[in-house]
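Overview (structure and organization)
Each chain, letter by letter, is given below.
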Amino acid sequence: MKHLSKIIKRFLLVALPLMGGVGGGLTSCDHPVDILEIKSESELVIYAFPTTADEYLLNVSLTRPTAGNVGTLQGVMVECTTHPSTGSGQARADEVTFVHAEKHFGMPMAIYRVKGEHHSGDKISISVKADAPSWEGKSLTATAETTIPAATPMEVTTVDTIYPKLRFLVRVPSLAASHLSGGKEERGYFATRLTSVKDNHTEVEWESAYDDGPDEVYHTWNWTNFAPIDYSHLEIEPSLEPLLNHYNDLDLDPWNEYYGKMYFFSSDDVQAFSSSAPATGGKGDGVVLHLQTEYPSQMDFIDVQFYTLSPEYYLMLRHINEQLSNDLGGIGLTQTYSTYSNVRGGFGCVAAYACTHYKYTPPTPDDEMYY
C-alpha cells in the first residue's frame, strides 16, 4: 500500500517517544501497554493492510526500548493464513516472500509480499516470530488478525466544475444507520478520498550529433520513465459535509488534520445526522456525500474512492487524527492520545479494507462542457 511507510513513520515519531518519556502505564485502545515491561526490551512492530487483491505488503520492525539500544531483525519467520468466510472452506496458508530490508529513523524494517486468494468476509491471521537482540536473550512473537469487509457500491451523480472549485455529489444507496451481517446488527466504518492522477511519462530518444568533427560529440536526451505517475491526494472541505466534519477545539488552527486525506465516518454518524439532515443520512435513498475540493492545476483524471473499513482501520485513522489535531495537548494543556494497536505481543496495526472507484476525466477545450 502506498501509505504503509508513512504510517510506520507516524508510529515511530509519535508512539515511541511517548513510550520512552512516560514513567507509568499507557493504555491503547485494544490492550494495555506497560512502560515498565518495554523500557529495556524490544518488541515487534507489524503493519499490514489486506484487501481483496491477490497480494499485500507486510512490514516488520522493532520498537526502540527506553534504554536506547536498537538491535537488528534476525531469524524472522512470517506466517499469513486466510480463513474463508464460507463454513466449508479450509484455511489457506498464503505465500510470503521477502522483498527488502531498510531503515527508518535508525529502526530496522523488513518488508514482505504476501500472495494468496482473498475475498470479502475472509479473516486474515498474521504471526511473526523473530530473534531478539543478543543482549535480551529471548525470542519475540506477535500476532494479529482482521476481516476483509465487503465493498460498498457508490455512484457519482453530479460533478460541478466551477473553477477554482470542483464538487462531487457521491450517492451511496445501500448505506444505512447500520449494516446487517450474519443475522446480527454491526457498525459500519467508511472513508472517502479524492486522488488526482497525472502521468508524466514521455518518449525517449538518445540523439548523437557531431560538432566540428567526430571527436566532439554531444548527446541530447528526451526522458521516459524518469518521472513516474504522480498521485496527489486532494483536500476535501469537510465543512460542507457534516458526516466528514469531525472538528474539535483542541487545535490552534481553525481546521483539523486528516491523515492521508482519508475522510472517515461510521454508521453511528449516519444515524446521528439522519433525523436532522435527511438528504445526507436518510435510509431510503442512502447517503449523498458533498465532496468539494480545489481544482487541481494539472491532472489526467481524478479517482473518487469510497472505502469500507474494518474496525481496526477506522480506529487507527481516528487515533492518528486525534494526535494530529491536538495542538493543545502538544503544549500540555489537555490530554494526549495513545497510538492504536491491535497486535498481540507487540505493536502496530493489521487492518483490512475494500474500495470502490469512480474515474472522473475533466473536459478538454474541445468538449462542449468546458467553460
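Let me sum up the structure you'll find in this document. (Residues numbered from 1 in each chain as written. Predicted model: local features only at pLDDT ≥ 70, side-chain atom pairs only at ≥ 80, totals over all residues. Heavy atoms only, no water.)

Considering the overall build of the chain
- Scanning the chain for helices and strands turns up 6 helices and 23 strands.
- At a minimum sequence separation of 6, the contacts of the chain that also span at least 24 residues come to 70%.
- Total accessible area on the chain is roughly 19000 Å²; 50% of this is exposed by carbon and sulfur atoms. (Helix = DSSP H or I, 4+ residues; strand = E, 2+ residues; numbered from the N terminus. Contact = heavy atoms within 4.5 Å. Areas by Shrake-Rupley, 256 points an atom, 1.4 Å probe, with all protein chains shown as cover.)

Some words on the environment of Val-99
- As for its position among the elements, Val-99 is in strand 7 (residues 95–104).
- For Val-99, a relative accessible area of 32% puts it in the partly exposed group.
- Distance in space between the C-alpha atoms of Val-99 and Asn-59 is 10.0 Å, their sequence separation being 40 residues. (Buried < 20%, exposed > 50% of the residue type's maximum accessible area, 1.4 Å probe, protein only.)

So, the packing of aromatic side chains
- Counted by the stated rule, this structure contains 13 aromatic pairs.
- Plain terms: the ring middles of Phe-168 and Tyr-360 are 5.4 Å apart, the flat faces sit at 85° to each other, and that makes the pair edge-to-face. Of this pair, Phe-168 sits in strand 12 (residues 165–172) while Tyr-360 sits in strand 23 (residues 353–360); the two residues are 192 residues apart in sequence, bridging distant segments of the chain.
- Exposure remark for Phe-168: the relative accessible area of 0% places this residue in the buried category.
- Judged by centre distance (5.8 Å) and plane angle (55°), the ring pair of Tyr-307 and Tyr-353 falls under tilted. Highlighted residues: Tyr-307 in strand 21 (residues 301–309) and Tyr-353 in strand 23, separated in sequence by 46 residues. There is no split in this pair, since Tyr-307 and Tyr-353 are both buried.
- Feature note: the residues Tyr-47, Phe-49, Tyr-307, Tyr-313 and Tyr-353 constitute an aromatic cluster, connected by ring pairs. (Phe/Tyr/Trp six-rings, centres within 6.5 Å; stacked < 30°, edge-to-face > 60°.)

Overview of unusual backbone geometry
- Look at the link from Tyr-163 to Pro-164: it is a cis peptide, with omega at 10°.
- Considering the arrangement of structural elements, one finds Pro-164 in the loop between strand 11 (155–160) and strand 12.
- With a phi angle near 55°, Lys-261 is a residue other than glycine that sits in the positive phi range.
- Relative to the elements of secondary structure, Lys-261 occurs in the loop between strand 18 (230–233) and strand 19 (263–266).

Details of the pairing of strand 5 (residues 74–83)
- As paired elements, strand 5 and strand 9 (residues 123–131) share 8 bridges and run antiparallel to each other. When the sheet's bridge partners are listed, Thr-81 is paired in strand 9 with Ser-125.
- Note that strand 5 and strand 6 (residues 92–93) share 2 bridges and pair antiparallel. Pairing of Thr-82 across the sheet is with Arg-92, part of strand 6. (Pairing = 2+ DSSP bridges.)

What about the sheet that holds strand 22 (residues 346–350)?
- Spatially, 5 strands are ordered 7-8-4-3-22 in an open sheet, and the strand pairing comes out mixed. At either end of the open sheet lies a strand with only one pairing partner, and these are strand 7 and strand 22. The sheet shows a mean angle of 15° between the axes of neighbouring strands, direction not considered.
- Two elements, strand 3 (residues 44–48) and strand 22, share 5 bridges in a ladder whose sense is parallel. Note on strand 22: the bridge partner recorded for Val-45 is Phe-347. (Axes fitted to C-alpha atoms, helices over the stretch in contact; angles between N-to-C directions.)

With respect to the environment of Lys-123
- Its location among the elements puts Lys-123 in strand 9.
- Of the residues examined, Lys-123 reaches a relative accessible area of 32% and is grouped as partly exposed.
- Remark: the alpha-carbon pair of Lys-123 and Thr-147, spanning 24 residues in sequence, is separated by 4.2 Å.
- Apart from the residues within four sequence positions on either side, Lys-123 is in contact with Thr-81, Thr-82, His-83, Glu-145, Thr-146 and Thr-147.

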